[in-house]
Amino acid sequence: MALLLAISAAMLLGRSWTACGMGVNNAANSVFLLWLFIPGLWTALLLAWVVVGALLGNRPPFHAFALAVMLLGVVWCAISIFWEGAATPPCPSGVPPWWPSFLPAPGF
């Protein structure tokens, strides 16, 4: 689950960078995402998984909800750290054109 979330977050971040012309180039961006972002986020998600499991013990309904909220929160924070909200010619509003309007753009 953690690896799937890490890869999905890296794909979302990479596609947003490509759509808005962010970063150095696609090769440099992909090296960062593959060798630093995915392993780092995977580690953070696994640690969050273990901490939630240790704190909540054997309460399945509450455990599943808390785990989902924690994992999605960690993914949102990781994407927000590297999300470039700057307005560029391809993305004048600071978000890619394919980003759904009902979701707030990641960022702090």
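Before reading further, recall that the structure is shown in the block above.
(A) Structural context of the nonpolar core. Counting 26 residues, the largest nonpolar core has Leu13, Phe37, Leu41 and Leu45 as its most contacted members. Other than its neighbours up to four places away in sequence, leucine 13 contacts Leu33, Phe37, Ile79, Phe82 and Trp83.

(B) Spotlight on the environment of cysteine 77. Mapped onto the secondary structure, cysteine 77 falls in helix H3 (residues 60–82). Take cysteine 77: its relative accessible area is 35%, and that puts it in the partly exposed class. Separated by 64 residues in sequence, cysteine 77 and leucine 13 have C-alpha atoms that sit 12 Å apart.

(C) Spotlight on the packing of aromatic side chains. For the coordinates displayed, the defined rule picks out six aromatic pairs. Between the aromatic rings of tryptophan 17 and phenylalanine 32, the centroid separation amounts to 6.0 Å while the plane-to-plane angle is 35 degrees, which identifies the pairing as tilted. Of this pair, tryptophan 17 sits in helix H1 (residues 2–20) while phenylalanine 32 sits in helix H2 (residues 26–56), and the two are 15 residues apart along the sequence. Judged by its relative accessible area of 8%, tryptophan 17 falls in the buried class. With 5.7 Å between their ring centres and 85 degrees between their planes, phenylalanine 37 and phenylalanine 82 make a pair best called edge-to-face. Within this pair, whereas phenylalanine 37 is found in helix H2, its partner phenylalanine 82 is found in helix H3, the two being separated by 45 residues in sequence. One aromatic cluster in this structure is built from Trp17, Phe32, Phe37 and Phe82.

(D) A look at H1. Taking 1.5 Å as the rise per residue, H1 with 19 residues should run 27 Å; its terminal C-alpha atoms sit 27 Å apart, in good agreement. Along H1, the residues classified as buried are Ala2, Leu5, Ala6, Ala9, Ala10, Leu13, Gly14, Ser16, Trp17 and Cys20. Angular distribution of buried residues about the axis of H1 spans 165 degrees; they occupy a single face of the element. Looking at H1, the residues exposed on the side facing more than 90 degrees away from the buried face are Leu4 and Arg15. Packed against the buried residues of H1 are H2 and H3.

Cut-off values and rules
- Residues numbered from 1 in each chain as written.
- Predicted model: local features only at pLDDT ≥ 70, side-chain atom pairs only at ≥ 80, totals over all residues.
- Heavy atoms only, no water.
- Core = buried A, V, L, I, M, F, W, Y, C linked by side-chain atoms within 4.5 Å.
- Buried < 20%, exposed > 50% of the residue type's maximum accessible area, 1.4 Å probe, protein only.
- Contact = heavy atoms within 4.5 Å.
- Helix = DSSP H or I, 4+ residues; strand = E, 2+ residues; numbered from the N terminus.
- Phe/Tyr/Trp six-rings, centres within 6.5 Å; stacked < 30°, edge-to-face > 60°.
- Expected span 1.5 Å × (residues − 1).
- Arc of directions from axis to C-beta.

These results come straight from atomic positions and should not be treated as a statement about function.
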